[in-house]
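A structural walkthrough
Each chain, letter by letter, is given below.
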Amino acid sequence: QVQLVESGGGFVQAGGSLRLSCAASGQTLNIYYLGWFRQGPGKEREFVANVNWRYGAPYYADSVKGRFTISRDNAKDTVYLQMNSLKPEDTAVYYCARGPGGTRESHYAGWGPGTQVTVSA
């Protein structure tokens, strides 16, 4: 089994940056893609980005492309989400999960507990 724990959330002004981490433990060789999702107040959970665990190939939602960067460090069993040029609309609880790829929440599993990101205007 794989366990995932997010960290790095906090409060930031619009235009600022945060770097989120998703630490994986357990049978990390079972990870195919690691995805980041977010859920804002009163909204559905939505796809943000994913990365192929083995090859590091990234994929981004249109809403964050050019602002966010996903990467992974296999030696540390950690995936990062570097978030730049943050907007108030980015305010959400950010979650990481493993899955086969794609953008649908239902394709992912092993959700971490999430980390709160709050962006003030």
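See the structure printed just above.
Heads up: these notes are all about the structure in this document. (Residues numbered from 1 in each chain as written. Predicted model: local features only at pLDDT ≥ 70, side-chain atom pairs only at ≥ 80, totals over all residues. Heavy atoms only, no water.)

Digging into the pairing of strand 5 (residues 46–52)
Burial runs high along strand 5: six of the seven residues are buried. Relative to strand 5, strand 4 (residues 33–39) runs antiparallel, the two being bridged by six bridges. Of the residues in strand 5, the one forming a bridge with Gly-35 is Asn-50. Between strand 4 and strand 5, which pair antiparallel one after the other, the connecting turn spans six residues, and Gly-42 there sits at a positive phi close to 70°. Relative to strand 6 (residues 58–60), strand 5 runs antiparallel, the two sharing three bridges. Following the sheet pairing, Asn-50 is matched in strand 6 by Tyr-59. Following strand 5, the chain reverses through five residues before pairing antiparallel with strand 6; Gly-56 in that reversal takes a positive phi of roughly 75°. (Buried < 20%, exposed > 50% of the residue type's maximum accessible area, 1.4 Å probe, protein only. Helix = DSSP H or I, 4+ residues; strand = E, 2+ residues; numbered from the N terminus. Pairing = 2+ DSSP bridges.)

Some details on the sheet that holds strand 6
Strand order in the open sheet formed by six strands is 2-10-9-4-5-6, and the pairing between neighbours is mixed. Strand pairing shows two members of the sheet lacking a second neighbour, strand 2 (10–13) and strand 6, which therefore form its edges. Taking each pair of neighbouring strands and ignoring which way they run, the sheet shows an average axis angle of 25°. Two strands pair when backbone bridges link them, and strand 9 (residues 92–99) and strand 10 (residues 115–120) are joined in this way by three bridges, in the antiparallel orientation. Bridge pairing in strand 10 links Ala-92 to Val-117. (Axes fitted to C-alpha atoms, helices over the stretch in contact; angles between N-to-C directions.)

Focus on the packing of aromatic side chains
Tallied over the full model, the rule gives six aromatic pairs. When the ring of Phe-37 is compared with that of Phe-47, the centres are 5.6 Å apart and the planes differ by 75°; the resulting orientation is edge-to-face. Here Phe-47 lies in strand 5 and Phe-37 lies in strand 4, a separation of 10 residues in the sequence. In this structure Phe-37 comes out as buried when scored by relative accessible area, which is 0%. For Phe-47, a relative accessible area of 8% corresponds to the buried category. Through pairs of rings, three or more aromatic residues link up here, namely Phe-37, Phe-47, Tyr-59, Tyr-95, Tyr-108 and Trp-111. The ring of Tyr-80 has Arg-19 lying over it, and the distance from NZ or CZ to the ring centre is 3.8 Å. (Phe/Tyr/Trp six-rings, centres within 6.5 Å; stacked < 30°, edge-to-face > 60°. Lys NZ or Arg CZ within 6 Å of the ring centre and 35° of its normal.)

In short, geometric facts, not functional conclusions.
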